[in-house]
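Notes for the structure review
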Amino acid sequence: MAETPSGKEAGAAPVSRFEVRTSRREEWVDVTEDVAGAVTASGIVDGLVVLWSLHTTAALTVNEAADPDVARDVSGWLARNVPDDPAFRHAEGNSDAHVKTSLMGPGVTLIVEGGRLLLGRWQGVFLCEFDGPRTRTVCVRVVGG
Amino acid sequence: MAETPSGKEAGAAPVSRFEVRTSRREEWVDVTEDVAGAVTASGIVDGLVVLWSLHTTAALTVNEAADPDVARDVSGWLARNVPDDPAFRHAEGNSDAHVKTSLMGPGVTLIVEGGRLLLGRWQGVFLCEFDGPRTRTVCVRVVGG
Amino acid sequence: MAETPSGKEAGAAPVSRFEVRTSRREEWVDVTEDVAGAVTASGIVDGLVVLWSLHTTAALTVNEAADPDVARDVSGWLARNVPDDPAFRHAEGNSDAHVKTSLMGPGVTLIVEGGRLLLGRWQGVFLCEFDGPRTRTVCVRVVGG
């Protein structure tokens with residue numbers, strides 16, 4: 001890796017997209033491999049990647065991927081603390097899913113180093129479904145330095 | 001769009017700023033058009049945009065913009081679950097607003113594709129005021145590929 | 001500053017890393033100076049910086065750094081609202097820390113303008129320890145325009 005910015009790889013790869021098919025109302029899907037594949041396909045070695053969910057009732061987050069109980073515990077806390085509530089006014093009846101989406105966030109920006117996602121040993125990227133089952137689309141923009 | 005990074009538009013446009021005048025203590029303002037205008041003005045066609053609120057009691061998030069009840073339901077959940085609390089020690093009495101700001105987050109990074117913000121059909125960008133009324137400043141950095 | 005993207009500084013500086021040694025189970029450490037130093041060392045004047053924690057029980061957020069009571073109030077709200085819970089199944093017994101990490105988020109993307117972090121007067125960057133004491137690593141990727 002160059003000691004100073006080289007600009008040799010400067011550029012934004014075309015946006016790629018992948019779909020996630022969920023099977024329950026609430027479900028966290030590990031999409032780390034999908035994201036890693038999109039980074040490899042971009043050809044960009046050093047830079048960053050912006051991940052974006054096009055949805056308002058599904059989010060993206062990074063948490064422990066080794067033990068599936070972690071994702072269950074985080075989504076369980078959300079389920080207990082953001083229940084359906086008579087105070088909600090949105091007529092579709094899925095306001096809890098909108099709250100959970102803003103709490104987790106619809107996008108994540110990660111570092112790309114040496115052609116790979118820079119993640120900690122236990123980290124994985126999750127698509128958090130809060131109003132499934134549905135087919136969700138995640139967009140991936142890799143920008144090289 | 002090029003199949004490989006072209007570098008033709010490489011560059012960071014100067015940071016632009018826009019102001020949001022809020023009229024209540026808690027209020028979500030749809031700023032999608034302000035952001036879209038800043039992206040167009042940058043002249044950058046493919047890349048990303050970093051949005052940043054300069055404040056510690058106002059946040060930025062993306063959620064459904066079509067039905068205003070969604071923003072009201074999300075901010076209502078925050079109001080019910082982050083009330084003023086005798087346990088708070090910050091002397092200004094607005095600790096609830098600081099908590100809400102970190103839960104929603106002070107910044108959002110979005111994808112720019114073909115000169116436009118890449119958002120889902122129902123998504124809009126909101127400035128979330130938690131300690132108004134005030135005049136808030138949002139900074140916009142567009143970086144081209 | 002150029003009126004249009006110049007591309008002159010296009011490039012990603014090598015990823016830098018700094019460590020944070022925490023001394024309690026829950027502790028927020030102001031790392032603004034560490035981040036600012038990494039930005040200066042990158043030599044990049046205009047662009048953005050992606051901050052990333054390699055951990056699943058420590059987060060990054062931006063909030064008021066002037067009065068330490070603010071960080072205590074935010075972490076206090078998290079402690080009261082995400083307690084240890086018999087419903088948690090992750091065997092390590094630190095599921096509360098995983099929930100708090102996803103609520104705050106493991107990364108932050110900031111604007112770099114004129115060689116400096118673009119932050120509001122009261123804003124500072126915090127490493128939020130939720131399962132210490134440990135030594136944590138924060139990664140810094142600066143990308144120039």
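Residues numbered from 1 in each chain as written. Chains lettered and ligands numbered in written order. Predicted model: local features only at pLDDT ≥ 70, side-chain atom pairs only at ≥ 80, totals over all residues.

Things to note about the overall build of chain A
We count it as follows: In this description a helix means any DSSP run of H or I spanning at least four residues, a strand means any run of E spanning at least two, and both kinds are numbered starting from the N terminus. Residues with at least 20 neighbouring C-beta atoms inside 10 Å of their own are called buried, those with 12 or fewer are called exposed, and the rest are partly exposed, where every C-beta is derived from the backbone. Note on contacts: each residue gets a C-beta atom placed from the backbone, and two residues are in contact if those atoms are within 7 Å.
On a plain count of helices and strands, chain A comes out with three helices and nine strands. Put simply, chain A runs from its N terminus to its C terminus through helices and strands in the order β-β-β-α-β-β-α-α-β-β-β-β. Expressed along its principal axes, the backbone C-alpha trace of chain A runs to roughly 55 × 30 × 25 Å. Out of the 145 residues belonging to chain A, those deemed buried represent 54%. Long-range pairs, those at least 24 residues apart, make up 85% of the contacts in chain A with a sequence separation of at least 6.

With respect to the relation of the copies chain C and chain B
Formally: The fit set for superposing copies consists of C-alpha atoms from residues with pLDDT of at least 70 in both; the fit itself is least squares.
When chain C is fitted to chain B, the residual RMSD is 0.0 Å, and the transformation amounts to a turn of 120 degrees plus an axial shift of 0.0 Å. Expressed as an axis order, the relation between the two copies is that of a three-fold axis. The fraction of interface residues of chain C whose copies in chain B are also interface residues is only 16%, indicating that the copies meet through different surfaces.

Details of the relation of the copies chain B and chain A
Superposing chain B onto chain A requires a rotation of 120 degrees together with a translation of 0.0 Å along the rotation axis, leaving an RMSD of 0.0 Å. When the interface residues of chain B are mapped onto chain A, a mere 16% of them again fall at the interface, so the copies present different faces.

Section: the sheet that holds strand β5 (residues 58–64) of chain A
Residue and element names in this part refer to chain A. As a reminder of what qualifies: Note on pairing: DSSP must find at least two bridges between two strands before they are called paired. Fitting a line to C-alpha atoms yields each axis, with helices limited to the stretch in contact; the angle taken between N-to-C directions then spans 0 to 180 degrees.
Strand order in the open sheet formed by three strands is β3-β8-β5, with antiparallel pairing between adjacent strands. Bordering the open sheet on either side are β3 (27–30) and β5, each of which pairs with just one other strand. The sheet shows a mean angle of 35 degrees between the axes of neighbouring strands, direction not considered. Bridging between β5 and strand β8 (residues 123–129) involves seven bridges; their strand directions are antiparallel. Looking at the pairing, Glu64 lines up with Gln123 of β8. Strand contacts of helix α2 (residues 68–81): β3, β5 and β8, with the helix running at about 130 degrees to β5, the strand carrying the most contacts.

Regarding α2(A)
Quick note on the threshold: Expected span, for any helix, means 1.5 Å times one less than how many residues it has.
For α2(A), which comprises 14 residues, the first-to-last C-alpha distance of 20 Å matches the rise-based estimate of 20 Å (1.5 Å per residue) to within 8%. Turning to α2(A), its buried residues are A:Val70, A:Ala71, A:Asp73, A:Val74, A:Ser75, A:Trp77 and A:Leu78. Along its buried surface, α2(A) packs onto β3, β5, α3 (95–104) and β8 of chain A together with α3 (95–104) of chain C.

Topic: the sheet that holds strand β3 (residues 27–30) of chain C
All names here are of chain C. Across the sheet, which stays open at both edges, the three strands sit in the order β3-β8-β5 with antiparallel pairing between neighbours. The open sheet has two edge strands with one neighbour each: β3 and β5 (58–64). Neighbour-to-neighbour, the strand axes of the sheet open up by a mean angle of 35 degrees, direction not taken into account. By the bridge criterion, four bridges tie β3 to strand β8 (residues 123–129) in an arrangement that is antiparallel. Note that in β8 the partner of Trp28 across the bridge is Cys128.

Regarding the confidence of the model for chain A
All names here are of chain A. Basically, it comes down to this: What pLDDT expresses is the predictor's confidence in each residue, scored from 0 to 100.
Residues at a pLDDT of 70 or more form 93% of chain A, whose mean pLDDT is 93. Across residues 1–8 the pLDDT falls below 50, and counting only partners more than four positions away or on other chains, this stretch makes 15 contacts in the model. Predicted as a complex, the structure gets a pTM of 0.94 and an ipTM equal to 0.93.

Digging into the environment of C:Glu129
Residues and elements named next belong to chain C. Mapped onto the fold, Glu129 is located in strand β8. Distance in space between the C-alpha atoms of Glu129 and Trp28 is 5.9 Å, their sequence separation being 101 residues. Once residues lying within four places of it in the same chain are set aside, the contact partners of Glu129 are Thr22, Glu26, Glu27, Val29, Ala58 and Arg136.

Considering the interface of chain B and chain A
Using the following cut-off: The residue classification treats Ala, Val, Leu, Ile, Met, Phe, Trp, Tyr, Cys and Pro as nonpolar and Asp, Glu, Lys and Arg as charged. All others, Gly included, are polar.
Each side of the interface is counted separately: chain B has 38 residues, and chain A has 33 residues. Elements supplying a minimum of two residues to the side of chain B that touches chain A: β4 (47–53), β5 (58–64), α2 (68–81), α3 (95–104), β6 (107–113) and β9 (135–144) of chain B. Sort the elements by how many residues they give to the side of chain B that touches chain A and α2(B) lands first, with seven residues. Class assignment for the residues of the side of chain B that touches chain A results in 17 nonpolar, 13 polar and eight charged.

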